[in-house]
Amino acid sequence: MALVKKALLETPASFLLAKRFRGKVNIQKPRKPHFEKQLLLDLTKPHYGPKKSSLPDIFLCDKGKVLFSKEDIDNPFERILARECLNWFNTSKMVVFLHMNSISMEDKTPVYAALKKNNMNLRTYGKKIVSMATKGTRYEAVNQLFTCHQNIIFGQPENAAKMFKILKKTPQLVVMAGIINDKLLSKNELVQFSKLPSLEVARSQLCSVLQSAGSCLVGQLNQNQQMLVSHLEQHIEIQNKPADSENKDKTES
């Protein structure tokens, strides 16, 4: 028997043994706990307020209440970024605001490079930076487009068609609105603007229209004179025909 105990590991005996009473536990009317347990239960009992459905509407309105009193801290780096953002707004004649969906940096880098190659810059600014930059300026209305970090394209209006061609390959970047020559345009207006010809082509078309109108006017003014000249020539030819016929008869006789 001793050899069997040595070969097999003997389970240690526990000091506490679970023992069940003979009587059944009354679930509907349990026995009251002792004083310490009852005290702990009373201290840890949660307290719930009245239901919102029973409160008047005036107590449900939380507008104007400051939940967290957070003081604005003057950050020099934020002021530098705000100055840089305002400089981009002032030097760029085309500013396009984008809504960025979930996109990896691997997919975003080629777009940034393609825009940079076509003299356009993609920048990311937060709402606080943009509000600091545009406060008190003519661009203050764009703060309504910002909720958090936003992507902005700065460039020139002649590159609008190239911008839409580049963004067509990345559906994660959605155009919301834009500013062209200090005028706020929607997405549809930006698409229409990108389809317009360049300034040189528009000037050549205008010159051709003006030239055709001028030549048409000159033709209409000279039409009466040309008709008068043609009628006079025909009248002279009719008068010369009898004289020619008489000369022919004399020569034949």
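The coordinates are above.
A quick note: this is a predicted structure, and the numbers were derived from the prediction, not measured.

## Quick look at the pattern of salt bridges
Piece 1. Tallied over the full model, the rule gives two salt bridges.
Piece 2. Where Lys128 meets Glu78, a salt bridge forms, and the shortest distance between an N and an O atom there is 3.2 Å. With Lys128 in helix H6 (residues 127-134) and Glu78 in helix H4 (residues 76-91), the pair connects residues that are 50 residues apart, well separated along the chain.
Piece 3. The class of Lys128 is partly exposed, set by a relative accessible area of 41%.
Piece 4. The partner of Arg138 in a salt bridge is Asp182, and the shortest N-O contact between them spans 3.2 Å. Within this pair, whereas Arg138 is found in the loop between H6 and strand S3 (150-155), its partner Asp182 is found in the loop between strand S4 (173-180) and strand S5 (184-186), the two being separated by 44 residues in sequence. Of the two residues examined, Arg138 and Asp182, each falls in the exposed class.

## Overview of the layout of surface pockets
Piece 1. Within this model, the largest pocket holds a volume of roughly 350 Å³.
Piece 2. Forming the walls of the largest pocket are 13 residues, and the residues nearest its centre are Glu158, Phe193, Pro197, Ser198 and Leu199.
Piece 3. Put simply, the parts of the chain that give the lining of the largest pocket at least two residues each are helix H7 (160-167), helix H8 (187-194) and helix H9 (199-252).
Piece 4. Considering only residue class, the lining of the largest pocket consists of eight nonpolar, three polar and two charged.

## Quick word on the packing of aromatic side chains
Piece 1. For the structure shown, the criterion picks out five aromatic pairs.
Piece 2. Each ring, one from Phe89 and one from Phe97, has its centre 6.4 Å from the other, and the planes form 35°; the classification is tilted. With respect to class, Phe89 is no different from Phe97; both count as buried.
Piece 3. Where Phe89 meets Phe154, the ring centres are 5.5 Å apart and the plane angle is 85°; that geometry is what we call edge-to-face. Of this pair, Phe89 sits in helix H4 while Phe154 sits in strand S3, and the two are 65 residues apart along the sequence.

## Regarding the side chain of Thr170
Piece 1. Note that Thr170 resides in the loop between H7 and S4.
Piece 2. Excluding residues within four positions of it along the chain, Thr170 makes contact with Asp107 and Val111.

## A closer look at the pairing of strand S2 (residues 121-125)
Piece 1. In terms of burial, S2 is a largely internal element, four of the five residues being buried.
Piece 2. The pairing of S2 with S3 spans five bridges and is classified as antiparallel. Across the sheet, Tyr125 pairs through a bridge with Gln150, a residue of S3.

## Things to note about the nonpolar core
Piece 1. Core analysis: the largest hydrophobic core is formed by 18 residues, its most contacted members being Leu98, Leu115, Ile153, Met163 and Leu167.
Piece 2. Of all elements in the fold, only strand S1 (94-100), helix H5 (105-117), H7 and S4 reach the threshold of two or more residues within this core.
Piece 3. Of the residues forming this core, the biggest block, five residues, is contributed by H7.
Piece 4. Residues within four places of Leu115 in sequence aside, it is in contact with Met120, Leu122, Ile153, Met163 and Ile166.
Piece 5. In terms of nonpolar packing, the next biggest core, distinct from the first, is built from 16 residues, Val142, Ile152, Phe154 and Ile179 among them.

## So, a nonpolar patch on the surface
Piece 1. A cluster of nonpolar side chains, contributed by Leu55, Ile58, Phe59 and Leu60, occupies part of the molecular surface with about 420 Å² of accessible area.
Piece 2. If you trace the backbone, Leu55 turns up in the loop between helix H2 (35-43) and helix H3 (57-60).

## Notes on the packing of H7 against H8
Piece 1. At a closest axis distance of 8 Å, the pairing of H7 and H8 adopts a crossing angle of 115°. The chirality of how H7 crosses H8 is left-handed. Within the contact between the two elements, H7 uses Ala160, Ala161 and Phe164 and H8 uses Leu190, Val191, Phe193 and Ser194.
Piece 2. Along the lines of polarity and charge, the residues of the contact of H7 with H8 split into six nonpolar, one polar and no charged.

## Quick word on the pairing of S1
Piece 1. Counted residue by residue, S1 has five buried out of seven residues, so it is predominantly covered.
Piece 2. Of the pairings in the sheet, the one linking S1 to S4 comprises seven bridges and is antiparallel in character. If you follow Phe97 over to S4, its bridge partner there is Ala177.

## Concerning the packing of H4 against H6
Piece 1. Following both chains from N to C, one finds H4 and H6 inclined at 65°, their axes separated by 8 Å at the closest point. H6 is crossed by H4, and the crossing has right-handed handedness. Packed against H4, whose contacting residues are Glu78, Arg79, Leu81, Ala82, Cys85, Leu86 and Phe89, the element H6 presents Lys128, Ile129, Val130, Met132, Ala133 and Thr134 at the interface.
Piece 2. Here the contact of H4 with H6 is built from residues that sort into nine nonpolar, one polar and three charged.

Calculation criteria
Residues numbered from 1 in each chain as written. Predicted model: local features only at pLDDT ≥ 70, side-chain atom pairs only at ≥ 80, totals over all residues. Heavy atoms only, no water. Salt bridge = Lys/Arg side-chain N within 4 Å of Asp/Glu carboxyl O. Helix = DSSP H or I, 4+ residues; strand = E, 2+ residues; numbered from the N terminus. Buried < 20%, exposed > 50% of the residue type's maximum accessible area, 1.4 Å probe, protein only. 1 Å grid on protein atoms, 1.4 Å probe; cavity = no way out; pocket = protein on both sides within 12 Å on 5 of 7 lines; lining within 4 Å. Points joined across faces, edges and corners; volume = space filled by probe spheres on them. Nonpolar A, V, L, I, M, F, W, Y, C, P; charged D, E, K, R; others polar. Phe/Tyr/Trp six-rings, centres within 6.5 Å; stacked < 30°, edge-to-face > 60°. Contact = heavy atoms within 4.5 Å. Pairing = 2+ DSSP bridges. Core = buried A, V, L, I, M, F, W, Y, C linked by side-chain atoms within 4.5 Å. Patch = residues over 30% accessible without salt bridge, like charges linked within 9 Å, V, L, I, M, F, W, Y side chains within 5 Å. Areas by Shrake-Rupley, 256 points an atom, 1.4 Å probe, with all protein chains shown as cover. Axes fitted to C-alpha atoms, helices over the stretch in contact; angles between N-to-C directions. Left-handed = near helix turned anticlockwise from the far one by under 90°.

Take it as geometry only, folks, not as evidence of what the structure does.
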